[in-house]
Amino acid sequence: MLLAAIFCAFAALLPVVCVVAPKGTVVLLLLAAVMAIPTYWWMHRRFPIPDLRISIVLALLVVWCAIASGWSDDPTRSLLLTLRVAVLFAAGMALFPVVAALNEVAKNYICLWLIAGSALSLVLMVVEMGLGYPTVHTFKELSEGREAIAFNRGAIALSMITWPVVAFLWNRGIGWKALAIPVVLGTLSVFLESAAATLGFLVGVASVLIIVCQRKMGRLTTLAACVVAFIALPFAMREMHKYEWHRADWLSQSEQHRVEIWNFSLERIAEKPVFGWGFDESRHIAKLFFGADESSRSMVPLHPHNGPLQILLELGSVGAVIALALLWLIAHQLERLPGRARECSQALFVASLAVGCVAFGQWQNWWIALIFSVALLVPLTATPSTGVGANRIQ
């Protein structure tokens, strides 16, 4: 009963926190771990044991980040970031077996609270926009017409959270009509400032349609997304710059700047392809080449706005191999899920990877916490409900 209550609160609060205070996802994930893990031990007299293979690869990634901190511009800062990342990895991984221990009735209630929280977060966002962003103006200084940017992270989070919701509703008898949720939300996201959120919805819907039409396409789609992100996309980025997309009038200034950032990052990756420039070195690398001159746009403002490029830039091909191994293991685990949970989780995987290729720093704590938090919701949708009175809630 206590475990179910913890995760009901977690599921209800996650969408709201993502919209109102996205960085609060870190606190929410850690609180869930601090409360759920001791409760699990008290109930079972043992600590939860996460997937061994994924845990080993994550540990290798953390170790390599710590080693690569040695040749970064600020080793102390990089090591502290490594520690924060390691804590989030440990908390997230420990919660997966806890979620798996919940019975079907508990999972059903948690998913219902997730739907309630998602609906509330949408209402909050719509009301805020309809009233002229009063809360945004209270806490942030944004120029007129740019208020919607405050909901960028929340919109992207909802583009990910929507897939556990779709899987749950699809399994509960609504069927393919549940896909109307990401379609409608994706359409509404066009009116926000986040092209990444729109991309996430678009890629997710396209992926799930492909996978549903042909079951064997699920694993192929997830693995193809990894290959595209780490191998094909860098070549495409170089061609974008070659054909002067960074000066293209049909792209926004932000998109033009991204083309410049990506090309600069690719040039630096070519200089140190094996070990990279050092963990978290993205925030310093522009100054190494341009000094402290602030008169021109920085080529890499804190990070390359592309997860795979950031891994290659900071951790080299060694880090990229570890990251690809991690993604391959996750793709393999998703293939084992039953029913619509498999297809929707694979769509979530591809959509999240797509968003990670155009926005955010790979090591931003809130982004890591969000990925783990949404991933924790996936096992809850794996099997259809057997009825509220079928079993005792755990």
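None of the values given here were measured: they were computed from a predicted structure. (Residues numbered from 1 in each chain as written. Predicted model: local features only at pLDDT ≥ 70, side-chain atom pairs only at ≥ 80, totals over all residues. Heavy atoms only, no water.)

## A word on the packing of aromatic side chains
Thought 1: Taken as a whole and judged by the stated rule, the model has 12 aromatic pairs.
Thought 2: With 6.3 Å between their ring centres and 35° between their planes, Trp41 and Phe47 make a pair best called tilted.
Thought 3: Seen from their ring centres, Trp64 and Phe275 are 6.0 Å apart, and the 45° between their planes marks the pair as tilted. Within this pair, whereas Trp64 is found in helix α3 (residues 52-68), its partner Phe275 is found in the loop between α11 (253-271) and α12 (282-290), the two being separated by 211 residues in sequence.
Thought 4: Take Trp64: its relative accessible area is 11%, and that puts it in the buried class.
Thought 5: Chaining the aromatic ring pairs together yields one cluster made of Trp64, Trp71 and Phe275. (Phe/Tyr/Trp six-rings, centres within 6.5 Å; stacked < 30°, edge-to-face > 60°. Helix = DSSP H or I, 4+ residues; strand = E, 2+ residues; numbered from the N terminus. Buried < 20%, exposed > 50% of the residue type's maximum accessible area, 1.4 Å probe, protein only.)

## A word on helix α10 (residues 217-242)
Thought 1: Maximum bend of α10: about 45°, positioned at Val228.
Thought 2: For α10, the set of buried residues is Gly218, Thr221, Thr222, Ala225, Cys226, Ala229, Phe230, Pro234, Met237 and Met240.
Thought 3: Downstream of α10 by a residue or two, Glu244 has a phi angle that is positive, lying close to 60°. (Bend = angle between axes of the 7 residues up to and from the residue.)

## Section: the pattern of salt bridges
Thought 1: Taken as a whole and judged by the stated rule, the model has eight salt bridges.
Thought 2: Between Arg283 and Asp280 there is a salt bridge whose closest N-O contact spans 3.1 Å.
Thought 3: The buried category is assigned to Asp280, whose relative accessible area is 6%.
Thought 4: Its salt-bridge partner being Arg340, residue Glu343 comes within 2.8 Å of it at the nearest N-O pair. Of the two residues, Glu343 and Arg340 are both situated in helix α14 (residues 339-356); the distance of three residues between them amounts to about one turn of the helix. (Salt bridge = Lys/Arg side-chain N within 4 Å of Asp/Glu carboxyl O.)

## Concerning the packing of α10 against α11
Thought 1: Remark: α10 packs on α11, axes separated minimally by 9 Å, with the N-to-C direction vectors making an angle of 120°. The angle between the axes of α10 and α11 places the two elements in the oblique class. As for how α10 packs across α11, the hand of that crossing is left-handed. Contacts between α10 and α11 involve Pro234, Met237, Arg238, Met240 and His241 on the former and, on the latter, Val259, Glu260, Trp262, Asn263, Leu266 and Glu267.
Thought 2: Of the residues assigned to the contact of α10 with α11, the class counts are six nonpolar, two polar and three charged. (Axes fitted to C-alpha atoms, helices over the stretch in contact; angles between N-to-C directions. Parallel < 35°, antiparallel > 145°, perpendicular 65-115°, else oblique. Left-handed = near helix turned anticlockwise from the far one by under 90°. Contact = heavy atoms within 4.5 Å. Nonpolar A, V, L, I, M, F, W, Y, C, P; charged D, E, K, R; others polar.)

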